[in-house]
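Understanding the architecture of this molecule
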Amino acid sequence: INPDKRIYVVLEDENETQAGVEVNQYEASMISFVQKGLHQNSHINTIHQLFIKALQLNQIKVQEVIIESKVGDIIYCTLKMVDSKNNVAYNVLSLADGIILSRITNCPLKSLAYVWDDFDQIDEWDYEDYIVDIDPDED
């Protein structure tokens, strides 16, 4: 959260290049809830958990989430799903939903290279000045 109360998710690639993406309060709460593992012991399922349970009833697994497009501030992901007969289906979703589903299912979150290159990259100097709510003990 920055001083203007805007909320950002920091994404990082295998080269430790970081990008900050703004999310709204609801998305940030849901991402935080899942990132901290609180969904694993919650007595009420989130909509994302219900979605995964519905997929499981139909023997469908989430294979990966791919960040495929960035249009201004809007980021689109594709959810790749595979059923028990190896039929593949895709669905478009928001970045926040993609992050959440990736974390819940432990599937890879990937990005197309040209889309990743279009993100606003941040370095550690800017990060520390720009983001004020840093907890070094959290992942």
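Everything below is about the structure printed above this text.
Below is a short write-up of the structure. This structure is a prediction, so every number in the text was calculated from the model and none was measured.

Reading the values: the criteria
The written sequence of each chain sets the order in which its residues are numbered from 1. Local features in this predicted model are restricted to residues whose pLDDT is 70 or higher, and side-chain atom pairs enter the listing and the counts only when it is 80 or higher, whereas totals over whole chains, interfaces and linings include all residues. The side-chain numbers reported here are obtained from all heavy atoms of the structure, hydrogens and water having been left aside. The convention used is that axes are lines fitted to C-alpha atoms, helices contributing only their stretch in contact, and that angles between N-to-C directions extend from 0 to 180 degrees. Only DSSP runs of H or I covering at least 4 residues are called helices, and only runs of E covering at least 2 are called strands; the numbering of each starts at the N terminus. The cut-offs work like this: below 35 degrees is roughly parallel, past 145 is roughly antiparallel, 65 to 115 is roughly perpendicular, and the gaps in between are oblique. For any helix crossing, the convention is left-handed if the near helix is rotated counterclockwise from the far helix by under a right angle, and right-handed if that rotation is clockwise. The contact rule is simple, with two residues in contact once any of their heavy atoms fall within 4.5 Å. All residues other than Ala, Val, Leu, Ile, Met, Phe, Trp, Tyr, Cys, Pro, Asp, Glu, Lys and Arg, Gly among them, are scored as polar; the first ten of these are nonpolar and the last four charged. Only residues whose relative accessible area exceeds 30% and that take part in no salt bridge are eligible for patches, with like-charged residues grouped when within 9 Å of each other and nonpolar side chains (Val, Leu, Ile, Met, Phe, Trp, Tyr) grouped when within 5 Å. Here the Shrake-Rupley method, with its probe set to 1.4 Å, supplies the accessible areas, and only the displayed protein chains count as covering residues. What makes a salt bridge here is a side-chain nitrogen of Lys or Arg within 4 Å of a carboxyl oxygen of Asp or Glu, nothing more. Neither His nor the chain ends is counted toward charge; the positive residues are Lys and Arg and the negative residues Asp and Glu. Lysine's charge is taken at NZ, arginine's at CZ, aspartate's at CG and glutamate's at CD. Under the scheme applied here, a residue whose accessible area is under 20% of the maximum for its type counts as buried, over 50% as exposed, and between as partly exposed, the area being computed with a 1.4 Å probe on protein chains only. The directions considered for the arc run from the helix axis to the C-beta atoms. Side-chain atoms alone can form a polar contact between residues adjacent in sequence; in general such a contact is a pair of N or O atoms within 3.5 Å, and within protein one must be able to donate a hydrogen while the other accepts it. Criterion used throughout: strands pair if DSSP finds at least two bridges between them.

Two quantities define a packed helix pair, namely the angle between the axes and the distance from one axis to the other. For the pair helix 2 (residues 47-57) and helix 3 (residues 95-105), the least separation of the axes is 10 Å and the interaxial angle reads 60 degrees. Judged by the angle between their axes, helix 2 and helix 3 are oblique. In the crossing of helix 2 with helix 3, the sense of the turn from one axis to the other is right-handed. In this structure, helix 2 contributes His48, Gln49, Phe51 and Ile52 to the contact, and helix 3 contributes Asp97, Ile100, Leu101, Ile104 and Thr105. Per-class residue counts for the contact of helix 2 with helix 3 are five nonpolar, three polar and one charged.

A contiguous patch of negative charge on the surface is contributed by Asp73, Asp117, Asp118 and Asp120. For Asp73, the position within the fold is in the loop between strand 3 (60-71) and strand 4 (74-83).

A surface patch of nonpolar side chains, about 370 Å² in accessible area, is lined by Val71, Ile74, Tyr76 and Val92. Position of Val92 among the secondary structure elements: in strand 5 (residues 88-94). For Val92, a relative accessible area of 55% puts it in the exposed group.

Let's shift gears to helix 1 (residues 25-35). For helix 1, every residue scored as buried is listed here: Ala28, Met30, Ile31 and Val34. Buried residues along helix 1 cover an arc of 165 degrees about the axis, so they all sit on one side. Looking at helix 1, the residues exposed on the side facing more than 90 degrees away from the buried face are Gln25 and Tyr26. At the N-terminal end of helix 1, a side-chain oxygen is found 3.1 Å from the backbone nitrogen of Tyr26, two or three residues along, and the residue is Asn24. Of the residues flanking the end of helix 1, it is Gly37, one or two places downstream, whose phi is positive at about 80 degrees.

On to the pairing of strand 2 (residues 18-23), then. Where strand 1 (residues 7-12) lies against strand 2, six bridges are found, and the strand directions are antiparallel. Looking across to strand 2, one finds that Leu11 is bridged to Ala19. Between strand 1 and strand 2, which follow one another and run antiparallel, lie five residues, and Glu16 among them has a positive phi close to 65 degrees. The pairing of strand 2 with strand 7 (residues 121-122) spans two bridges and is antiparallel. Pairing of Gln18 across the sheet is with Ile122, part of strand 7.

Quick look at the environment of Ile31 now. For Ile31, the location among the structural elements is in helix 1. A residue is classified by how much of its surface remains accessible, and Ile31, at 12% relative accessible area, is buried. Sequence spacing of Ile31 and Ala96 is 65 residues, and the spatial spacing of their C-alpha atoms is 7.0 Å. Residues contacting Ile31, with those up to four places away along its chain left out, are Val9, Ala96, Ile99 and Ile100.

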